[in-house]
Amino acid sequence: MRSSELAALAGVTIRTVRHYLQIGLLDEPERSVNGYRDYDVRHLVRLLRIGRLTELGLPLAELPRVLDDPQVAEEVLDELDRQAVAEIERLTSRRAAIARLRHQGATPDLPPEMADYGSVIEAGVAPDVARHEYEQLLLISHLIGENETAALAGAMAEQALFTPATADLVRRFGELGPDTPQETVERLADDMVTRYLPLLRNWPDVEFGADVSSMLAAYGERNLNDQQHRVNQLFVERVMSRLTSPSDERPRSR
């Protein structure tokens, strides 16, 4: 039979048949008198076996030893089963993340652990300000890892930071500009200290290393205006003053 007939019977494309010939999965058939390849039923059976194995997820590179040595079949099936279990767990985790983001109405590119925060910000601030918050969270989450992000989100929830009051601070921060009075800048810095100091006093076991600090600084340099930089500077100064006073404890890690 011609390659087109073989491909049709096996349910594959002619290109697939030719590829399998090139990499040695199919034996080269004899040629007819007019020079065409003349495939027989053995090639069809071989293609059907290849199809079954690839449907199970076996890579092409592994096919020869399974096709040519039935003794390795059990070992291969065990490995395929382990891969399937891992894939199911990965997909289950993905579905859970999607469900959480959907339930909270959070943007899809937000870390799922921060979905509660995202829904609060989404409802309370302008889109460009919310995007700034999301991008910072995305950057932090990537740098500290999934487990640490979950720990940080848990601590934020415990300190009631997933509330409209936090969104109001973010909104006010986003509204800062060249004409903002200095007293407004000072007041916002004080309100941020009041809001975030409990979290810093009860900081979870999450290490903000030099990479995180430098990346956040670089992000802020490109995205914040002078008044926003000033608020951040005042916030850090006043927080450190409070944390280093005798009546306050420093967080375990920053």
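Computed from a prediction, not measured in an experiment: that's the story for all the values here.

Reading the values: the criteria
Residues numbered from 1 in each chain as written. Predicted model: local features only at pLDDT ≥ 70, side-chain atom pairs only at ≥ 80, totals over all residues. Heavy atoms only, no water. Core = buried A, V, L, I, M, F, W, Y, C linked by side-chain atoms within 4.5 Å. Buried < 20%, exposed > 50% of the residue type's maximum accessible area, 1.4 Å probe, protein only. Helix = DSSP H or I, 4+ residues; strand = E, 2+ residues; numbered from the N terminus. Phe/Tyr/Trp six-rings, centres within 6.5 Å; stacked < 30°, edge-to-face > 60°. pLDDT = per-residue confidence, 0-100. Contact = heavy atoms within 4.5 Å. Salt bridge = Lys/Arg side-chain N within 4 Å of Asp/Glu carboxyl O. Axes fitted to C-alpha atoms, helices over the stretch in contact; angles between N-to-C directions. Parallel < 35°, antiparallel > 145°, perpendicular 65-115°, else oblique. Left-handed = near helix turned anticlockwise from the far one by under 90°. Nonpolar A, V, L, I, M, F, W, Y, C, P; charged D, E, K, R; others polar.

Caption draft 1: Molecular detail of the nonpolar core. Met 114, Met 156, Met 192, Phe 208 and Val 231 are the most contacted members of the largest nonpolar core, which has 44 residues in total. Those elements that place two or more of their residues in this core are helix H6 (115–124), helix H7 (127–144), helix H8 (146–158), helix H9 (164–174), helix H10 (182–201) and helix H12 (226–243). Tallying contributions element by element places H10 first for this core, with nine residues. Listed in part, the 20 residues of the second largest apolar core include Leu 6, Ala 7, Ala 10 and Val 66.

Caption draft 2: Looking closely at the packing of aromatic side chains. Per the stated rule, a full pass over the model turns up three aromatic pairs. Ring geometry for Tyr 196 and Phe 235: centres 6.1 Å apart, planes at 85°, overall edge-to-face. Taken together, the positions of Tyr 196 in helix H10 and Phe 235 in helix H12 put the pair 39 residues apart, joining distant regions of the chain. On the basis of relative accessible area, Tyr 196 is assigned to the buried category, the value being 19%. Residue Phe 235 is classed as buried on the basis of its relative accessible area, which comes to 13%. Aromatic pair Trp 203 and Phe 208: ring centres 5.5 Å apart, planes at 90°, arrangement edge-to-face. For the pair Trp 203 and Phe 208, one class covers both residues: buried.

Caption draft 3: Structural context of the confidence of the model for the protein chain. Confidence in the prediction for the protein chain averages 87 pLDDT; 96% of positions are at 70 or higher. For the protein chain, H6 is the element with the lowest average pLDDT, namely 81, and H10 is the one with the highest, namely 95. Confidence drops under pLDDT 50 across residues 249–254; counting only partners more than four residues distant or on other chains, this segment forms 21 contacts.

Caption draft 4: Layout of the pattern of salt bridges. Enumeration according to the criterion identifies 13 salt bridges in this entry. Note that Arg 31 and Glu 28 form a salt bridge whose closest N and O atoms lie 3.7 Å from each other. Between Glu 75 and Arg 65 there is a salt bridge, with its nearest N and O atoms 3.8 Å apart. Here Arg 65 lies in helix H4 (residues 63–68) and Glu 75 lies in helix H5 (residues 73–104), a separation of 10 residues in the sequence. Residue Arg 65 is classed as partly exposed on the basis of its relative accessible area of 36%. One network of salt bridges, with partners in common, ties together Glu 28, Arg 31 and Arg 37.

Caption draft 5: How the structure looks around the side chain of Arg 46. Tracing the chain through its elements places Arg 46 in helix H3 (residues 41–55). With relative accessibility at 18%, the residue Arg 46 sits in the buried group. What Arg 46 contacts, discounting residues up to four positions off in sequence, is Leu 25, Leu 26, Leu 67 and Asp 68.

Caption draft 6: Region of interest: the packing of H10 against H12. Remark: H10 packs on H12, axes separated minimally by 8 Å, with the N-to-C direction vectors making an angle of 45°. Between H10 and H12, the crossing angle belongs to the class labelled oblique. Relative to H12, H10 is oriented so that their crossing is right-handed. Across from Gln 182, Val 185, Glu 186, Leu 188, Ala 189, Asp 190, Met 192, Val 193, Tyr 196, Leu 197, Leu 200 and Arg 201 in H10, the residues of H12 making contact are Gln 227, Arg 230, Val 231, Asn 232, Leu 234, Phe 235, Arg 238, Val 239, Arg 242 and Leu 243. Residue composition of the contact of H10 with H12, grouped by class: 13 nonpolar, three polar and six charged.

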